[in-house]
Amino acid sequence: MQTERSSGNGPTDRREPRVVVGAAIISAGRVLACARNAPPEVAGMFEFPGGKVEPGESETAALVRECAEELAVRVEVGDRIGRDVRMAHGRSVLKVYAARLLHGDQPRALEHSALRWLTADELHSVTWLPADVPIVAALRPLLAAG
């Protein structure tokens, strides 16, 4: 995907949007939802854990790193869930992957105010960040089947 930006007088620049990855960590038919601490306008809203892909880093490596940093867990990254979601006025794109916990690890809220395990029927019991809403819709059938 590319975005175009005109500098006014000069040629149009083509820039790849910044990739943000998220993990839909699934265990026993439930998915992990994490409540944001900050910034204030989204504090208390829920998201999938993850973050920005650093230069030279693969999406899966970024997701493994982010889960370790945010939740102190090791994960195995699986298939993509849902579609790419444009964020930040097209400057970023969210890509969410299914993931599973390894070695009996249990998530800890190191960077979030709360963690909740949600079944398919509970997915709408929390307020999701707008970028995560399309992923929740794509995730529901996977949880219901599993």
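Summarised in this report is the structure supplied together with it. (Residues numbered from 1 in each chain as written. Predicted model: local features only at pLDDT ≥ 70, side-chain atom pairs only at ≥ 80, totals over all residues. Heavy atoms only, no water.)

Topic: unusual backbone geometry
Then, number 1: In this structure, P39 follows A38 across a cis peptide bond, with omega equal to -5°.
Then, number 2: In this fold, P39 is placed in the loop between β4 (30-36) and β5 (46-47).
Then, number 3: Unlike most non-glycine residues, A72 shows phi in positive territory, near 55°.
Then, number 4: Structurally, A72 can be placed in the loop between α1 (59-71) and β7 (75-87). (Helix = DSSP H or I, 4+ residues; strand = E, 2+ residues; numbered from the N terminus.)

As for the pairing of β7
Then, number 1: The sheet contact formed by β7 and strand β8 (residues 92-101) spans eight bridges and is antiparallel. The residue bridging I81 from the neighbouring strand is V96, located in β8.
Then, number 2: Between β7 and the antiparallel strand that follows it, β8, lie four residues; A88 among them carries a positive phi value of about 50°. (Pairing = 2+ DSSP bridges.)

Some details on the nonpolar core
Then, number 1: Judged by nonpolar contacts, the single largest core of 22 residues is most densely connected at A24, V31, F48, L118, L123, W128 and L139.
Then, number 2: Of all the elements in the fold, those that place two or more residues in this core are β3 (18-27), β4, β7, β8 and α2 (133-145).
Then, number 3: Looking at which element gives the most residues to this core, the answer is α2, with four residues.
Then, number 4: The residues contacting A24, other than those within four sequence positions of it, are V31, F48, I81, V96, Y97, A98, A99 and L139.
Then, number 5: Counting residues in hydrophobic clusters, the runner-up holds 17 residues, among them V21, I25, L71 and V93. (Core = buried A, V, L, I, M, F, W, Y, C linked by side-chain atoms within 4.5 Å. Buried < 20%, exposed > 50% of the residue type's maximum accessible area, 1.4 Å probe, protein only. Contact = heavy atoms within 4.5 Å.)

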